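Structure assessment
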Amino acid sequence: MRPLLCVLYLFFFALSACQPMGQHQAKANASSAGADRPNVIVILVDDAGFVDFGFMGSEDLPTPRIDALARSGVMFTDAHVSASVCAPSRAGLITGQYQQRFGFEANGTAGIGLSDDAVTMADVFQKSGYRTYALGKWHLGEDASDHPNQRGFNEFYGFLAGSRSYFPLKNPSTEQMLQHNGKRVEFEGYMTDVLGDQSVKFVEQSHDKPFFMYLAYNAVHTPMDAKAENLEKFKNHPRQKLAAMTWSLDENIGKLLDKLDALGIRKNTLIYFLSDNGGAHDNTSKTGSLKGWKGNEFEGGHRVPFVVSWPSRIKGDRKFDGLTSSLDIFTTSLDAASIEKPQDVVLDGANLLPYLDGEAKGSPHEMLFWRKLDKSAARVGDYKVVTLDGYGSVMYNLKDNLGETNDLSKIEKERFSQVTKEYDQWTQSLMKPLWDEGKVWMDVCSHIHESLMQNKKAEYKDPWAKARLEKSKQAK
């Protein structure tokens, strides 16, 4: 009996000891894997011109810290957002899918905002053990169900509206007030500085755990508010206010980078930098040789500055010419963080890492599409078709004619048919827009598109300019 008892004792001891050790080891492995996962930061700026940063060729707007960020990573020359206006562009970025899939097609949110079924990057990262932070401009819905804290973000420090003053407001609306998780924050100073300071605080709180930060500055969107000292710094500048606002933006991005360096986590932080759409007609931004601007479907409306920096993984100081989209941010970040895509999530973006690592060649996308109500565009290879419903279409070869002036739609008919067919097929996966931008704005946008399709200068770019023109004509 004694030998048998001894054997049984040893067996049960080994069995009981085995399970705790296995669980402990699994936790240790998970902890080790978590320590290696990168932090992810999306720095989204607002209405910036395509050539309004030093790394994009600007000679009159100094941006030393943003330029250093660009040199630390890869600069994309053919990068696009999924919409040419703020709200739908943000909806596409944060969900990683064409926002038209859930009816978010026009600017504003019409009291509807993000679909309740839409899964955000923050949702997935939060469930995967990341701390999640949203800062700055939200513009994805004002209802309680659309609040960032309900869309995957542990913390929200910003405002819900599409724009507001950069300085304190006396009695701000719920949408325009600066808030922290729903509670109003009364601040002094300048909004860009306030958001920059808060981004640093969030990083300090998270140095022991990986984080996902969506840092959405409202700069350089109107109103053209700037600090007095920066206006003085650029007092003789032809674009004084924009230069002053851009300088503040650059300083605060630098502030965040310095903190990441000080904490020793910069190398393992994946940073994206981009604008939410093309430069606006009313903030003195420049689109360089690109045709159009914010709100229309020419290159100036949706081709944007775009940088990806991850020093521990991606070799820096390079350019990438492949066709790329803001939709790629979600997909790429999942791979970087070793997070499996949830089965019920539709993602239209590509994983950029194989292209940046040299494992994949060519373009992440062969095709990209845009639609804002009755205006649309389709890109297939080097060819792009722009359409205004009820008026017609034009086609350009962007490789030969980036400025979109030489219409090939009646010359290369077979190619035109092919691009149009791809666009029609894409629309089959979409739903009807849940709201529009109102007849007044839609008429203005139609005038702009029709003028640009004819290579003419638009007579007006907003409803106020249209009203002034009509009044002037009546007076004559």
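Presented here is an overview of the structure given in this document. Nothing here was measured: the structure is a model prediction, and the numbers come from that model.

About the thresholds
Residues numbered from 1 in each chain as written. Predicted model: local features only at pLDDT ≥ 70, side-chain atom pairs only at ≥ 80, totals over all residues. Heavy atoms only, no water. 1 Å grid on protein atoms, 1.4 Å probe; cavity = no way out; pocket = protein on both sides within 12 Å on 5 of 7 lines; lining within 4 Å. Points joined across faces, edges and corners; volume = space filled by probe spheres on them. Helix = DSSP H or I, 4+ residues; strand = E, 2+ residues; numbered from the N terminus. Nonpolar A, V, L, I, M, F, W, Y, C, P; charged D, E, K, R; others polar. Pairing = 2+ DSSP bridges. Contact = heavy atoms within 4.5 Å. Axes fitted to C-alpha atoms, helices over the stretch in contact; angles between N-to-C directions. Core = buried A, V, L, I, M, F, W, Y, C linked by side-chain atoms within 4.5 Å. Buried < 20%, exposed > 50% of the residue type's maximum accessible area, 1.4 Å probe, protein only. Phe/Tyr/Trp six-rings, centres within 6.5 Å; stacked < 30°, edge-to-face > 60°. Lys NZ or Arg CZ within 6 Å of the ring centre and 35° of its normal. Parallel < 35°, antiparallel > 145°, perpendicular 65-115°, else oblique.

1. Describing the layout of surface pockets
- Of the volumes computed, that of the largest pocket is approximately 590 Å³.
- Along the wall of the largest pocket there are 27 residues; nearest its centre are Val85, Asn107, Lys294, Glu437 and Trp441.
- For the lining of the largest pocket, the element with the most residues is helix α12 (residues 439-453), which contributes four residues.
- Split into classes, the residues belonging to the lining of the largest pocket amount to eight nonpolar, eleven polar and eight charged.

2. A word on empty space enclosed by the protein
- If you walk through the whole model with that rule in mind, you get two cavities of 30 Å³ or more.
- Approximately 50 Å³ is the volume found for the largest cavity.
- Surrounding the largest cavity, Ser82, Ala83, Ser84, Val85, Pro88, Gln99, Gln100, Glu105, Glu297, Trp370, Arg371 and Lys372 form its lining.
- The greatest single-element share of the lining of the largest cavity, amounting to three residues, is contributed by strand β13 (residues 367-372).

3. Thoughts on the sheet that holds strand β8 (residues 211-216)
- Within the open sheet, the ten strands sit side by side as β7-β6-β5-β4-β8-β1-β9-β10-β2-β11. Their pairing is mixed. The sheet terminates laterally at β7 (183-184) and β11 (318-320), the two strands that pair on one side only.
- As judged from the five bridges shared by strand β1 (residues 39-45) and β8, these two strands associate in the parallel manner. Its bridge partner being in β8, Val40 is matched across the sheet by Phe212.
- Along the sheet, helix α3 (residues 86-95) makes contact with β1, β4 (131-137), β8 and β9 (269-275), crossing β8 at roughly 170°.

4. A few points about the nonpolar core
- Among the nonpolar cores identified, the biggest contains 54 residues, and Phe76, Phe125, Phe212, Tyr214 and Phe306 are the most heavily contacted of them.
- Ile43, Leu215, Phe234 and Ile253 belong to the second largest nonpolar core, which has 52 residues in total.

5. Here's the deal with the pairing of β13
- By the criterion of burial, β13 is predominantly enclosed, with five of the six residues buried.
- Direction of pairing for β13 relative to strand β14 (residues 375-380): antiparallel, over a ladder of six bridges. Each bridged residue has a counterpart across the sheet, and for Lys372 the counterpart in β14 is Lys375.
- Linking two consecutive strands that pair antiparallel, namely β13 and β14, is a turn of two residues; a positive phi of about 60° is found at Leu373 within it.

6. A closer look at the sheet that holds β13
- Overall, antiparallel pairing links the four strands, which are arranged β13-β14-β15-β16 in an open sheet. Edge positions in the sheet fall to β13 and β16 (392-397), since each of these pairs with one other strand and no more. Across this sheet, the average inter-strand angle for adjacent strands is 10°, counted without regard to direction.
- Lying on the sheet, helix α11 (residues 413-427) is in contact with β13, β14, β15 (383-388) and β16; it crosses β13 at an angle near 65°.
- Contacting β13, β14, β15 and β16, α12 runs over the sheet at an angle of about 135° to β15.

7. As for the packing of aromatic side chains
- In total, this model carries 25 aromatic pairs according to the counting rule given.
- Between Phe55 and Phe273 the ring centres are 6.3 Å apart and the planes differ by 70°, which places this aromatic pair in the edge-to-face class. Highlighted residues: Phe55 in the loop between β1 and α2 (64-71) and Phe273 in strand β9, separated in sequence by 218 residues.
- Ring centres of Phe153 and Phe212 lie 6.1 Å apart, and the angle between their planes is 25°; this geometry places the pair in the stacked category. Of this pair, Phe153 sits in the loop between β4 and β5 (155-159) while Phe212 sits in strand β8; the two residues are 59 residues apart in sequence, bridging distant segments of the chain. Both residues of the pair, Phe153 and Phe212, count as buried.
- Pairwise contacts between aromatic rings join Phe125, Tyr130, Trp138, Phe153, Phe156, Phe212 and Tyr214 into one cluster.
- Geometry around Trp293 places Lys461 over its ring, the cationic atom sitting 4.5 Å from the centre.

8. A look at the packing of α2 against helix α7 (residues 240-262)
- Here α2 crosses α7 at 50°, and the two axes come no closer than 7 Å. Regarding the angle of α2 to α7, the classification is oblique. Of the residues in α7, those in contact with Pro64, Arg65, Ile66 and Leu69 of α2 are Trp247, Leu249, Asp250, Ile253, Gly254, Leu257 and Asp258.
- For the contact of α2 with α7, the residue count by class is seven nonpolar, one polar and three charged.

9. A word on unusual backbone geometry
- In this structure, Val220 follows Ala219 across a cis peptide bond, with omega equal to 10°.
- Tracing the sequence through the fold places Val220 in the loop between β8 and α6 (228-233).
- Of the consecutive residues Thr222 and Pro223, the connecting peptide bond is found in the cis state with omega at 5°.
- Structurally, Pro223 can be placed in the loop between β8 and α6.
- A positive phi is found at Glu404, a non-glycine position, where the angle reads about 55°.
- Considering the arrangement of structural elements, one finds Glu404 in the loop between β16 and α11.
- The backbone of Asn455 sits at a positive phi, close to 60°, despite the residue not being glycine.
- Of note, Asn455 is situated in the loop between α12 and α13 (463-475).
- According to the relative accessible area criterion, Asn455 is partly exposed, its value standing at 42%.

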